[in-house]
Amino acid sequence: MNKHTLAATVSTGKDDWQTPPAVLAALDEEFGFSLDAASDRLGIFGDYIGPGSNLSTDGRAAWPCPVATVDRTAWINPPYSRELGGLKVWHERAWLESRQGWTVVVLCPPHMGRQWFQQYGWRCDEMRVYKRRLAFIDPATGAQVRGNTQDSGLFVYRPHVPEQGWSGGPRLSLIDVPDGAA
């Protein structure tokens with residue numbers, strides 16, 4: 001059985017696929033994340049919010065502010081499934097937390113025609129679209145799997161953006177995929 005067949009038989013689906021390490025390292029270097037806001041285990045940045053937590057997307061409690069950091073920056077590689085709320089709840093939460101002083105970076109497909117984009121994605125400060133598709137990490141095997149069928153983008157929600165977003169929409173840019181992540 002090849003690794004792609006094995007991944008398809010033992011993976012729990014698209015909700016727990018992991019960000020390529022090269023992408024995460026480059027973004028962490030730029031943003032200095034203090035919170036992994038969509039993790040199911042101890043986050044790579046120390047603090048994390050997992051499913052079932054009263055701090056997850058279904059809760060309205062404010063995200064914890066790590067005492068050791070001045071800048072509050074959160075990373076979200078959200079689960080896409082509707083069973084966990086779909087992308088809309090994650091973008092809503094990112095936008096709401098940006099109103100509370102957080103800078104939140106969300107990785108997801110840049111689908112501009114979707115309701116979540118029109119309601120929340122348009123309010124982000126910046127949208128970066130990767131020039132090539134990312135090769136995510138299968139959680140069952142730990143292997144990087146090529147053949148992603150969707151484009152990936154970063155939505156950066158920042159506190160200084162007006163309530164309804166910028167009048168012309170977010171800044172838009174095309175970015176390169178870090179080496180080893182496509």
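Above: the structure in question.
Our subject in this report is the structure included herewith. (Residues numbered from 1 in each chain as written. Predicted model: local features only at pLDDT ≥ 70, side-chain atom pairs only at ≥ 80, totals over all residues. Heavy atoms only, no water.)

1. Some remarks on the nonpolar core
- Formed by 21 residues in total, the largest nonpolar core has its most connected members in Ile76, Val104, Val106, Phe155 and Tyr157.
- Among the secondary structure elements, those contributing two or more residues to this core are β3 (73–76), α3 (86–99), β4 (103–108), α4 (115–119), β5 (126–130) and β6 (153–157).
- Looking at this core element by element, the count peaks at four residues for α3. (Core = buried A, V, L, I, M, F, W, Y, C linked by side-chain atoms within 4.5 Å. Buried < 20%, exposed > 50% of the residue type's maximum accessible area, 1.4 Å probe, protein only. Helix = DSSP H or I, 4+ residues; strand = E, 2+ residues; numbered from the N terminus.)

2. Some points on the pattern of salt bridges
- In the structure shown here, the tally under the stated rule is nine salt bridges.
- A salt bridge links Asp176 to Lys131, with the nearest nitrogen and oxygen atoms 3.3 Å apart. With Asp176 in the segment after β7 (171–175) and Lys131 in the loop between β5 and β6, the pair connects residues that are 45 residues apart, well separated along the chain.
- Here Asp176 falls in the exposed class, since its relative accessible area comes to 54%.
- One salt-bridge network, held together by shared partners, links Glu30, Asp125, Glu126, Arg128, Arg158 and Arg171. (Salt bridge = Lys/Arg side-chain N within 4 Å of Asp/Glu carboxyl O.)

3. Let's talk about the packing of aromatic side chains
- Per the counting criterion, the structure on display carries seven aromatic pairs.
- Judged by centre distance (6.0 Å) and plane angle (50°), the ring pair of Trp95 and Tyr120 falls under tilted. With Trp95 in helix α3 and Tyr120 in the loop between α4 and β5, this pair connects stretches of sequence that are 25 residues apart.
- The class for Trp95 is buried, based on a relative accessible area of 7%.
- Seen from their ring centres, Trp116 and Phe117 are 6.0 Å apart, and the 80° between their planes marks the pair as edge-to-face. Phe117 shares its class with Trp116; the two are buried.
- Of the aromatic side chains, those joined through ring pairs into one cluster are Trp116, Phe117, Trp122 and Phe155.
- Lying over the aromatic face of Trp95, Arg123 brings its terminal NZ or CZ to 4.3 Å of the ring centre. (Phe/Tyr/Trp six-rings, centres within 6.5 Å; stacked < 30°, edge-to-face > 60°. Lys NZ or Arg CZ within 6 Å of the ring centre and 35° of its normal.)

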